[in-house]
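Structure at a glance
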Amino acid sequence: MSLENDVRRAADIILDADSVTIISHIDADGISTEAILAQALTREGMAVDSVFVRQLEPMAMRHVPKDGSLKLFTDLGAGQQNLLEDHGLSSDEVLILDHHVGQPCGTTYPQVNSLDHGITRMSAAGIAYLVAKAIDPTAIDLAKLAVIGNVGDMMARENCGLVGPAREIVRDGVEYGNIIVQDHDLNCYGTSTRPVHVCLGYCDDPYIDGISNNTNAALRFLERLGVTLKNPRGGWLVWEELPFEDRRTIISALAQQLIAHGRETDRLLAETYIFPDESERTPLRNASEYATLLNACGRWAKPRTGSSICRGERGEAYRDAEHMLAHHRTVIRDLLQYILDTGVTELSHLQYVHTGDRFPDTIVGIGAGMALSKLNWKKPMMVLAAMVDEPEVTKVSMRTNEWALGRGVDLQKALVEAAAEIGGAGGGHRIAAGAFIPHDTEEEFVDSVNRILKRQFASADPDDC
Ligand code: C5P
Ligand code: C5P
Ligand code: C5P
């Protein structure tokens, strides 16, 4: 079946249901997915309830109600179909909308999975949007949420942004008027919220010698360029507020700085997505900061706050989210610092670190991704973390990059295989995957993943290992 047919069938299954329960993931993609579907269904006058889970695992299944509603599993489910079966769910009460690698079981559950159609750069929110649009073709206001989900799950390509069907979703948002695409924009976090020198000083990917990690030096650099940095009232301007010419001047000066230090310039620019309907100088103003705000809500156990924000609620929900965002960023910074200070243990084909119970299991994957670019980026990075509320279980997060994927690495396969050997469960994507394992099997597990990665590297390029 084509993607269009799968999407149409999903819309029809939903429209046939008396009531719907959405079971979604707690990250930016899961939250925006839920918000798209809940709004689309409410507009149709349908009864809809939502449940957020941090991962679909046996303990989480108790949150899935045993009632007559259609269970819509979103941004999860494809990799845990055996759990749905064990829970006694039949194929006529389940619909899966997901972009994770599927693990089929005896029951054939109806689903829309972008991977089934060879689409790797599309998140669950993108699929949810296509379904919402099949339900109501005028629902293109929701494209903005799909872009947030896609950006949150890092579906954009370096330099050219969202591609394929995810790009068509961007076009819907542009047509509706709540998305502005800026190509060749500065690839730094905080372009809508931070004074320009702070934004540059905090930017370390790409690492800009003399500017990264030094906001004072960044300020002097900008002053030398003679660009306007303050508004008439004396307040600092953010990047988004700078005149176009000044932005170009800064970008070329940064490119020269990178070249002068023998560094690549390809990470300096990115396509960004601005939301003109949101207040200026807030994290809601662009897709990347909006996604981080939603991640902060979800990872700190308040996904519903994130969902309310997606539906347009501001006021208290927004203030609450801003606090979580500030906290989230501090903890992520601490986590990265902890990993770098502690140092990783390098095995032949992976590097790992155990963060004990210092950081919540819901954020260690972010730390793994950030640490990878600062350490030996050729070796897949693993972080192990104790689960405070389930001491017998260890959470594992792994991240790798396009270079390793090109060499045959597939983290999803590696973790699924290694976890199965020791009675755990894993899943995810080739580039980013996770697992829960019994805590007394950690050593054996790490060795086993290392062995599997060795095999993967070797099978792609026998001469290289
Ligand atoms: O789980 P994943 O690796 O996607 O997490 C990435 C998330 O972490 C993104 O939402 C990203 O915006 C956020 N992040 C952050 N601060 C950074 C880097 C990433 O909050 N410096
Ligand atoms: O938790 P983390 O951010 O490391 O997850 C990376 C990817 O692995 C996500 O897509 C997540 O849904 C998936 N995962 C999984 N099963 C687990 C843990 C994570 O499928 N037990
Ligand atoms: O569960 P889940 O799908 O949310 O996990 C997505 C994770 O995969 C995020 O942490 C995201 O940062 C990571 N990812 C990545 N690089 C990509 C695509 C996804 O690190 N190209």
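Conventions used here
Residues numbered from 1 in each chain as written. Chains lettered and ligands numbered in written order. Predicted model: local features only at pLDDT ≥ 70, side-chain atom pairs only at ≥ 80, totals over all residues. Heavy atoms only, no water. Helix = DSSP H or I, 4+ residues; strand = E, 2+ residues; numbered from the N terminus. Expected span 1.5 Å × (residues − 1). Buried < 20%, exposed > 50% of the residue type's maximum accessible area, 1.4 Å probe, protein only. Contact = heavy atoms within 4.5 Å. Near = heavy atom within 4 Å. Polar contact = N/O pair within 3.5 Å; in protein donor to acceptor, adjacent residues only side chain to side chain. Areas by Shrake-Rupley, 256 points an atom, 1.4 Å probe, with all protein chains shown as cover. Nonpolar A, V, L, I, M, F, W, Y, C, P; charged D, E, K, R; others polar. Axes fitted to C-alpha atoms, helices over the stretch in contact; angles between N-to-C directions. Parallel < 35°, antiparallel > 145°, perpendicular 65-115°, else oblique. Pairing = 2+ DSSP bridges. UniProt positions renumbered as here; feature names shortened; annotations may be inferred. Lys, Arg positive; Asp, Glu negative; His and termini not counted. Salt bridge = Lys/Arg side-chain N within 4 Å of Asp/Glu carboxyl O. Phe/Tyr/Trp six-rings, centres within 6.5 Å; stacked < 30°, edge-to-face > 60°. Lys NZ or Arg CZ within 6 Å of the ring centre and 35° of its normal.

**Re helix H12 (residues 315-342)**
A rise of 1.5 Å per residue sets the reference length of H12, with its 28 residues, at 40 Å; its end C-alpha atoms lie 41 Å apart and thus fit the reference within 8%. Among the residues of H12, Ala317, Tyr318, Ala321, Met324, Leu325, His328, Val331, Ile332, Leu335, Leu336, Tyr338 and Ile339 are the ones counted as buried. In this fold, the buried residues of H12 make contact with helix H10 (287-299), helix H11 (303-310), strand S9 (351-354), helix H13 (364-374) and strand S10 (381-386). Note on H12: the residue one or two positions beyond its end, Gly343, has a positive phi of about 85 degrees.

**Looking at the site of ligand 3**
The immediate surroundings of ligand 3 are formed by His25, Asp27, His99, His100, Asp153, Met154, Arg399, His429, Ile431 and Ala432. Interatomic distance of 2.6 Å between a side-chain N/O atom of Asp27 and an oxygen atom of ligand 3. When the free accessible area of ligand 3 is taken as 460 Å², the share hidden by the protein chains comes to 82%.

**Here we look at the site of ligand 2**
Taken together, 17 residues lie near ligand 2, and His100, Lys395, Ser397, Arg399 and Gly427 sit nearest. Contact distances for ligand 2 include 2.7 Å between an oxygen atom and a side-chain N or O atom of Arg399. Alone, ligand 2 offers 450 Å² of accessible surface; in the complex the protein occludes 90% of this. Where the shell around ligand 2 is concerned, the elements lending two or more residues are strand S11 (393-399), strand S12 (425-428) and strand S13 (432-438). A total of five residues in the shell around ligand 2 trace back to one element, the largest contributor, which is S13. For the shell around ligand 2, the per-class residue count stands at five nonpolar, 10 polar and two charged.

**Some words on the packing of H10 against H12**
The angle between the axes and the distance between the axes are what describe a pair of packed helices. Between H10 and H12, the least distance of the axes is 8 Å, while the angle of their chain directions is 90 degrees. For the element pair H10 / H12, the angle class is roughly perpendicular. Side by side, H10 and H12 meet where Thr292, Leu293, Asn295, Ala296, Cys297 and Arg299 of the first sit next to Ala321, Glu322, Met324, Leu325, His328 and Arg329 of the second. For the contact of H10 with H12, the per-class residue count stands at six nonpolar, three polar and three charged.

**Digging into the sheet that holds strand S5 (residues 111-113)**
Judged by pairing direction, the sheet is parallel, and its five strands sit side by side in the order S2-S1-S3-S4-S5 without closing on themselves. Each having just a single partner strand, strand S2 (47-53) and S5 make up the two edges of the open sheet. Direction aside, the axes of adjacent strands within the sheet are offset by 15 degrees on average. Bridge count for strand S1 (residues 19-25) against strand S3 (residues 70-74) is five bridges, and the pairing is parallel. Opposite Ser24, over in S3, you have Thr74 as the bridge partner. In the packing of helix H1 (residues 3-16) onto the sheet, contacts are made with S1, S3, strand S4 (94-98) and S5, and the angle to S5 comes to roughly 140 degrees. Contacting S1, S2, S3 and S4, helix H2 (residues 28-43) runs over the sheet at an angle of about 165 degrees to S1.

**What about the UniProt feature "domain: DHH-CID" (unreviewed entry) in the chain?**
The positions that UniProt labels "domain: DHH-CID" (unreviewed entry) are, in the present scheme, residues 189-267. With 44% helix and 0% strand, residues 189-267 has its two end C-alpha atoms placed 12 Å apart.

**Observations regarding the side chain of Arg247**
Mapped onto the elements of the fold, Arg247 is located in helix H9 (residues 244-260). One buried charged side chain, Arg247, makes no salt bridge at all; its nearest oppositely charged neighbour is Asp185, positioned 4.4 Å away. In this view, Arg247 contacts Gln182, Asp185, Trp239, Glu240 and Leu242; residues no more than four positions away in its chain are not counted.

**Notes on the pattern of salt bridges**
Scanning the entire structure with this criterion turns up 23 salt bridges. Of the charged contacts in the structure, one is a salt bridge between Arg8 and Asp12, with a shortest N-O distance of 3.0 Å. Of the two residues, Arg8 and Asp12 both sit in helix H1, four residues apart, roughly one turn of that helix. In this structure, Arg281 engages Glu241 in a salt bridge whose closest nitrogen and oxygen atoms are separated by 2.8 Å. Taken together, the positions of Arg281 in the loop between strand S7 (269-274) and H10 and Glu241 in the loop between helix H8 (215-225) and H9 put the pair 40 residues apart, joining distant regions of the chain. For Glu241, a relative accessible area of 30% puts it in the partly exposed group. The structure contains a network of salt bridges with shared partners spanning Arg54, Asp361, Asp389 and Glu390.

**Here we look at the environment of Asp27**
Relative to the helices and strands, Asp27 resides in the loop between S1 and H2. Between the C-alpha atom of Asp27 and that of Ile437, which follows or precedes it by 410 residues, the distance is 21 Å. Within polar-contact distance, the side chain of Asp27 engages the backbone nitrogen of Gly30 at 2.9 Å.

**Focus on the sheet that holds S12**
Across the sheet, which stays open at both edges, the six strands sit in the order S8-S9-S10-S11-S13-S12 with mixed pairing between neighbours. Edge positions in the sheet fall to strand S8 (345-346) and S12, since each has one partner strand and no second. Examined bridge by bridge, S9 and S10 share four bridges and lie parallel to one another. Paired with Val353 across the two strands is Val383, which belongs to S10. Each of S11, S12 and S13 is contacted by helix H15 (residues 411-421), which is oriented at about 10 degrees to S13, the strand it contacts most. Contacts between helix H16 (residues 442-460) and the sheet are confined to S9, S10, S11 and S13, with S10 contributing the most and set at about 160 degrees to the helix.

**Remarks on the packing of aromatic side chains**
Geometrically, a pair of aromatic rings is defined through the distance of the ring centres and the angle of the planes. Tallied over the full model, the rule gives four aromatic pairs. When the centroid spacing of 6.1 Å and the interplanar angle of 80 degrees are considered together, the rings of Phe275 and Tyr290 count as edge-to-face. Residue Phe275 is located in the loop between S7 and H10, and its partner Tyr290 is located in helix H10; the two are separated by 15 residues in the primary sequence. The pair Phe275 / Tyr290 is uniform in exposure class, with both members buried. Plain terms: the ring middles of Trp403 and Phe457 are 6.5 Å apart, the flat faces sit at 50 degrees to each other, and that makes the pair tilted. Placement of Trp403 in helix H14 (residues 402-406) and of Phe457 in helix H16 is noted, with a sequence separation of 54 residues between them. A cation over an aromatic ring shows up here: Lys144 above the ring of Phe275, its NZ or CZ 5.2 Å from the ring centre. The ring centre of Tyr189 lies 3.7 Å from the NZ or CZ of Arg329, which sits over that ring.

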